[in-house]
Amino acid sequence: MSAASLGNVLGADRAARLRVWLRRAWALTVKEYIQLFRDTILVLFMAYAFTLDIYVAGVGVNWQLNNAGLAVHDSDKTWASREVAGRFRAPYFRNEGSVSTVEEGQRLLDQGRLMVVLDFPPRFGADILRGRQTSVQMQVDTANSAIGSLATSYGGEIVGRYGLERALNVPELDMDKIHGVPFIIDETRAWYNQNQEDPWFMALAEIISNMTLLSILLPAAALAREKERGTVEQLMVSPLSPVQILAPKILAMGSVILAGLAFGVFGVIIGVFHVPVRGSLPLFFAVSALYIAFTAGIGLLIATIARNMAQVGMLTVLVFAPMIFLSGAWTPPEAMPSWMRLLMDCLPMHYMLDAGFGVLLKGQGLGELWRELLGICALGAPVLGLSLWRFRRQFG
Amino acid sequence: MTRIVALAQKEWREILRDRLFFALSFVVPALLMLLFGYGLSLDVENIPVAIHDLDRTPQSRDYAYRFIHSRYFDFKGYVTDESQAAELLGRGTVRAVIVIGHGFGRELSSDRPAHVQTLLDGTFPYRTQVTKGYVEAINTAVTRELLAGYMVRVKGLSPSRAQTYVDPVRLEVRYLYNQGLKSSWGVASKLIMALLLMCPPFLTALGVVREKESGAIYNIYASNASRAEFLVGKLNPYFCIAFINAMVLWGMACFLFGAPFKGSVTAYLFATVLYVLCSTGIGLLISILVGSQVAAMIITAVVTAMPSMLYSGLLTPVASMNWAARVVAAVFPSMYYGRIIESCFLKGLGWANAWGDMLVLAGYGAALFAVGYAMFHKRGAA
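Residues numbered from 1 in each chain as written. Chains lettered and ligands numbered in written order. Predicted model: local features only at pLDDT ≥ 70, side-chain atom pairs only at ≥ 80, totals over all residues.

J.: Looking at this model, I keep getting lost on the overall build of chain B. Mind explaining?
T.: What chain B contains, in helices and strands, is 17 helices and five strands. With the principal axes as the frame, chain B shows a C-alpha extent of 95 × 50 × 35 Å. Each of the 382 residues in chain B was classed as buried or not, and the buried ones make up 51%. By sequence separation, contacts in chain B at least 24 residues apart represent 77% of the contacts at least 6 residues apart. (Helix = DSSP H or I, 4+ residues; strand = E, 2+ residues; numbered from the N terminus. Buried ≥ 20, exposed ≤ 12 C-beta atoms within 10 Å, placed from the backbone. Contact = placed C-beta atoms within 7 Å.)

J.: Can you help me understand the overall build of chain A in this one?
T.: Counting its regular elements, chain A contains 16 helices and five strands. The C-alpha atoms of chain A give a radius of gyration of 29 Å, which is well past the 21 Å a tight globule of 396 residues would have. Across its three principal directions, the C-alpha atoms of chain A cover 100 × 45 × 40 Å. Within chain A, the proportion of its 396 residues that are buried is 48%. Intrachain contacts of chain A at a sequence separation of at least 6 include 78% that bridge at least 24 residues. (Rg over C-alpha atoms; globule rule 2.2 N^0.38 Å.)

J.: I tried to follow the interface of chain B and chain A on my own but got confused; where do I start?
T.: Many structure descriptions define interface size as the accessible area lost when the parts assemble. Opposite the 110 residues of chain B that make contact, chain A presents 103 residues. If you tally residues by element for the side of chain B that touches chain A, the top one is helix H6 (residues 125-155) of chain B, at 17 residues. A class-by-class count of the residues in the side of chain B that touches chain A yields 65 nonpolar, 27 polar and 18 charged. Sheet analysis places strand E4 (residues 134-141) of chain A next to strand E5 (residues 169-176) of chain B, joined by eight bridges and oriented parallel. Bridge assignment links Val-140 of chain A to a residue of E5 of chain B, and that residue is Tyr-175 of chain B. (Nonpolar A, V, L, I, M, F, W, Y, C, P; charged D, E, K, R; others polar. Pairing = 2+ DSSP bridges.)

J.: What is the right way to look at the sheet that holds E4 of chain A in this model?
T.: Strand pairs in the sheet, formed through backbone hydrogen bonds, run parallel or antiparallel to each other. Reading across the sheet, the five strands line up as E2(A)-E1(A)-E3(A)-E4(A)-E5(B) and stay open at both edges, with mixed pairing between neighbours. Strands with a single pairing partner mark the edges of an open sheet, and in this sheet they are strand E2 (93-98) of chain A together with E5 of chain B. Going from strand to strand, the sheet's axes swing by 25 degrees on average, the running direction of each strand aside. Of the pairings in the sheet, the one linking strand E1 (residues 68-74) of chain A to strand E3 (residues 116-120) of chain A comprises five bridges and is parallel in character. In the strand pairing of E3 of chain A, Val-72 of chain A is matched with Leu-118 of chain A. Of the strands in this sheet, E1, E3 and E4 of chain A together with E5 of chain B are in contact with helix H6 (residues 102-110) of chain A, which crosses E1 of chain A at around 170 degrees. Relative to E5 of chain B, helix H8 (residues 145-168) of chain A is tilted by about 170 degrees, and along the sheet it contacts E1, E3 and E4 of chain A together with E5 of chain B. (Axes fitted to C-alpha atoms, helices over the stretch in contact; angles between N-to-C directions.)

J.: Would you explain the domain arrangement of chain B in this entry?
T.: Along its sequence, chain B is organised into domain 1 (2-41 + 182-375) and domain 2 (47-166). Summarising the inter-unit geometry, the C-alpha centres of domain 1 of chain B and domain 2 of chain B are found 49 Å apart. (Domains from an automatic or database assignment.)

J.: Looking at this structure, how should I read the sheet that holds strand E1 (residues 47-53) of chain B?
T.: The strand order across the open sheet built from five strands is E5(A)-E4(B)-E3(B)-E1(B)-E2(B), with neighbouring strands paired in mixed fashion. This sheet does not close on itself; its edge strands, each paired only once, are strand E5 (183-191) of chain A together with strand E2 (73-78) of chain B. The sheet shows a mean angle of 25 degrees between the axes of neighbouring strands, direction not considered. Bridge count for strand E3 (residues 96-100) of chain B against strand E4 (residues 113-121) of chain B is five bridges, and the pairing is antiparallel. Residue pairing for E4 of chain B: Ala-96 of chain B is matched across the bridge by Leu-120 of chain B.

J.: For this particular structure, what's the right way to read the domain arrangement of chain A?
T.: On domain assignment, one finds that chain A holds domain 1 (23-60 + 196-395) and domain 2 (68-177). When each unit is reduced to the centre of its C-alpha atoms, the spacing between domain 1 of chain A and domain 2 of chain A is 48 Å.

J.: Explain the environment of Val-166 of chain B here, please?
T.: Looking at the element boundaries, Val-166 of chain B is found in helix H7 (residues 159-166). If we skip the residues at most four places from it in the chain, Val-166 of chain B touches Ala-167 of chain A together with Arg-144, Leu-147, Ala-148 and Met-151 of chain B.

J.: Can you walk me through unusual backbone geometry in this structure?
T.: A negative phi holds for most residues other than glycine; trans holds for most peptide bonds. Positive phi is not limited to glycine here, since Tyr-192 of chain A has a value of about 70 degrees. Although it is not a glycine, Asp-111 of chain B adopts a positive phi angle of roughly 55 degrees. Mapped onto the fold, Asp-111 of chain B is located in the loop between helix H5 (104-109) and E4. What makes Asp-111 of chain B partly exposed here is the crowd of 16 C-beta atoms within 10 Å.

J.: Would you take a moment to explain the confidence of the model for chain A for this structure?
T.: Parts of the prediction with low pLDDT should not have their coordinates interpreted in detail. Per-residue pLDDT for chain A averages 86, and the proportion of residues at 70 or more is 95%. No element of chain A has a lower mean pLDDT than helix H1 (residues 3-10) of chain A, at 64, and none a higher one than helix H12 (residues 281-305) of chain A, at 94. (pLDDT = per-residue confidence, 0-100.)

J.: What should I look at first to understand the pairing of E2 of chain A in this one?
T.: Successive side chains on a regular strand alternate, one facing one side of the sheet and the next facing the other. All names here are of chain A. With four bridges joining them, E1 and E2 adopt parallel strand pairing. Across the sheet, residue Val-72 finds its bridge partner in E2, namely Ser-98. Each parallel crossover has a hand, and the one from E1 via helix H5 (residues 79-86) to E2 is right-handed. (Right-handed = clockwise from strand over helix to strand, strands pointing away.)

J.: Would you mind showing me how to read the packing of helix H4 (residues 52-60) of chain A against helix H9 (residues 198-229) of chain A here?
T.: Packed helices, taken two at a time, are described by the angle their axes make and the gap between the axes. Residues and elements named next belong to chain A. At a minimum axis separation of 7 Å, H4 and H9 run at an interaxial angle of 145 degrees. For the pair H4 and H9, the crossing hand works out as right-handed. Together, Asp-53, Ile-54, Ala-57, Gly-58 and Val-59 of H4 and Pro-199, Met-202, Ala-203, Glu-206, Ile-207 and Asn-210 of H9 make up the contact between the two elements. (Left-handed = near helix turned anticlockwise from the far one by under 90°.)

J.: What am I meant to see in helix H14 (residues 293-310) of chain B here?
T.: Over its 18 residues, H14 of chain B runs 25 Å from end to end, which matches the ideal 26 Å to within 8%, given 1.5 Å per residue. Largest kink in H14 of chain B: about 30 degrees, centred on Ala-301 of chain B. (Expected span 1.5 Å × (residues − 1). Bend = angle between axes of the 7 residues up to and from the residue.)

Below, the structure is given as C-alpha cells:
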C-alpha cells in the first residue's frame, strides 16, 4: 500500500503514526536477522536440519519388514520343507542357510544375528503327501513387537498360501487359473501412496518435526537471552510496545524457518524423493506460516516462564518431545489408548501433519482442511495471547 | 583432587539454587517416560473401517460381519457410493474401505471365485502394511471355510477331513523374549535408552557455553585448575543427576510398565554408568565447541533428541535401515546401549553377551572426553 493511499484510508495523522510503528518494528526485525546470521554454527545446523537430516531419515528409516535374518532347522529335508522355506524370501527375509541344532538357532537369536528360525519336523513332507495335517514352527524375535508382528503376519500369509495351493493342487495361486471353487479374490489398493514408499512419509514427518522444533526453540532462546543479559530492559525503556518487541522475533525467526522449509520441500522432498504434489504448494506454505507463527507463541511462553537458558532447554524438551512424538508422526493414532488420543487432539502438530499430508499427498484444498486450520488457530491463538499477556505483565 | 571437588561443589550449588531447573531435570525424564510408555505404541488395533456392499446378499453380509466383529477393526458403517468412500478416506475418518463387488453372493453359490477390493489409506506405510495383513488373514480364513464347505458338498469328505484338507500346514508361532507381543515391554525398556540420550545432553549443553557467554569462564582461565579438572568437575553433578534419572526410569520400566528384567544387574548397572557418561559427554562437547547458548541448544536438539528416537532402534530396528541410517545409528551410543538393554531385559543375558558393546561405550566416552579436552583451551578465543 502506498503512503498516499494509506493516508486516504486512515487520515494523515494516524497513517504517520502507523508508519513510525512499522518502521520501529522493522528495525527490530533487522536486528534479529543480523543476530541470527552472525551465529554461523547455528545457521549451518539449521541448513542441516532441513536438508541432510531429512534425506537420511527418508532413505534410511523404514517401517517395513526388511532383510530379517532367517535360518532353517530342517529335520525333514524333503522337497516340501525346502519349498516352504524357499518362500521366505527377499526383500522381507534374508535366508542365512540352515542351522544343525535347535540350540544353535537359539544362540543366533540371542545374539541378534537372526530374527526368525523355521523348524520343520521330521516327516513334514510325508505327512503332506498323505494328506495329514502337519505344522511348521516359527520362532520370532519379538523384542521389537512391531517388526515381530509383521514377520509373523507375513509368515502366516506364506504358509497359508502354500496350504491353499496344496489343497487346490495347483502349482501357484494364480487367481486367473482357479475355476470351479469358491474363493475370495482380494485386490488391495493403497491410496495416496500406491507403491508404499516410506521416504514420502518419513521425509514429510521429519521436516514437519524439525520445523516444529526450531519454531519453539529459536524464539524461546532469542527472548530468554535478552532476559538473561538484561537487554530486554533496554527494549522496555525504548519507545516500543510489547507487541513491537515480540512480533519482530516471530517474523524474523519464522521467515528463516519458512525459507528452510521451502528449501527442504523443493530440494529434498520434491527434488530427491519425488513426492507428487497433488494439492497447491502456496496453500501448504500458507498453512505452514500460520503454524510456525503460532508455534513460536509456545516458544515465547516458555521464555516468559524461564529465567535463564538452562530452564528454557528443559522446558523445551518437556513441550516439544511429546508434541513431536505423540502427534502421529511416529506412531499411528490407531495404536494409542483413547485418553492419549484426546491429548493428541490438543497438539497443534497433529493438525499440521494432517494438513501437510492432506495438501501434498491427498490433494486436499481449503474446503477439506478447515478442521485442521481451525485446530491450528484455536490451539495457537490462546497460547500466543497468553505469552503476550505474561510478557506485558512482567515488563510492562 | 581438591580442585575437582571445589569445582564440582560450585557447579552443584549453581544447580541447586536454580530451583526450577533442578526440579525439571528430574521431572522431565519421568514425565516423558510416562507419556511415551503409554503413548508410543505400535500395536495397531481398532482400525476404523467402512464397508461398501454393492452386492447386498446374505453371503456379502456374512463376509462383512467378519470385519464388523473383528477386534482389529472398528466398524464405522456402510457407505453407499464411491465418492463417500473417498471422502471418508481423505478425511481420515476411516483407514480402510472394503468394497464387495456385484455378484459376490451369486459367484460363491455357484462355486466360482468372488471379487472384493480393499482401499487403504496409504499415507502411513506401517499402518497400511499392518491393515493389509489383517485383511489378508480374514480373507484366507473365509476362503478356507468356503473351500471346506465345498469339499463336504461336492467331494463328499467328512467335515473334519475337509478341515485338514484345506489347511494342511499350520504355522505354530513362538514369540521369543516378548510372549504377549506387548509393545509396551519393548518400548518401555528401550525408552530408558532414548530418554537418557534426550535429556542429559540438555543438562550439560549449557554448562561451559553459559560461562563463556557471561564471561565467568575467565575465572577458570585465570585459575590454577587444569583443563581436565575443570571438565571433570563440570560433568560431576550432571552425571549424578542423569544417573539418578536412569535408576528412576529403570524402576518405572520394571514396575510401572511391567517390563521383565531377566539379566544381570551388575552388567546393566555398569553399562548404564558408561552410557550416562557418553550422553552427558555429548552435551559437554557441544558446549565446548559452540559460542552461544542458542546454538548449543539447537545443536543438542538436532543432534540428540531426534536421533534418540529415530536411529536408536526404539521403533524400527537398526538392521532394517539402509546404510546411510545405519552409519548415523552407529555414530550414537544409543544403538550399543540399546542392544545391552535388550539382552539384559527381555533376553535375560548378561556380561558374556554385552561386553563387546560395553567396550564400544567405554571407548566412546573416552573419545568424547579426549576431543573435549583437546578443543577446550584456557585462552579465550582470539
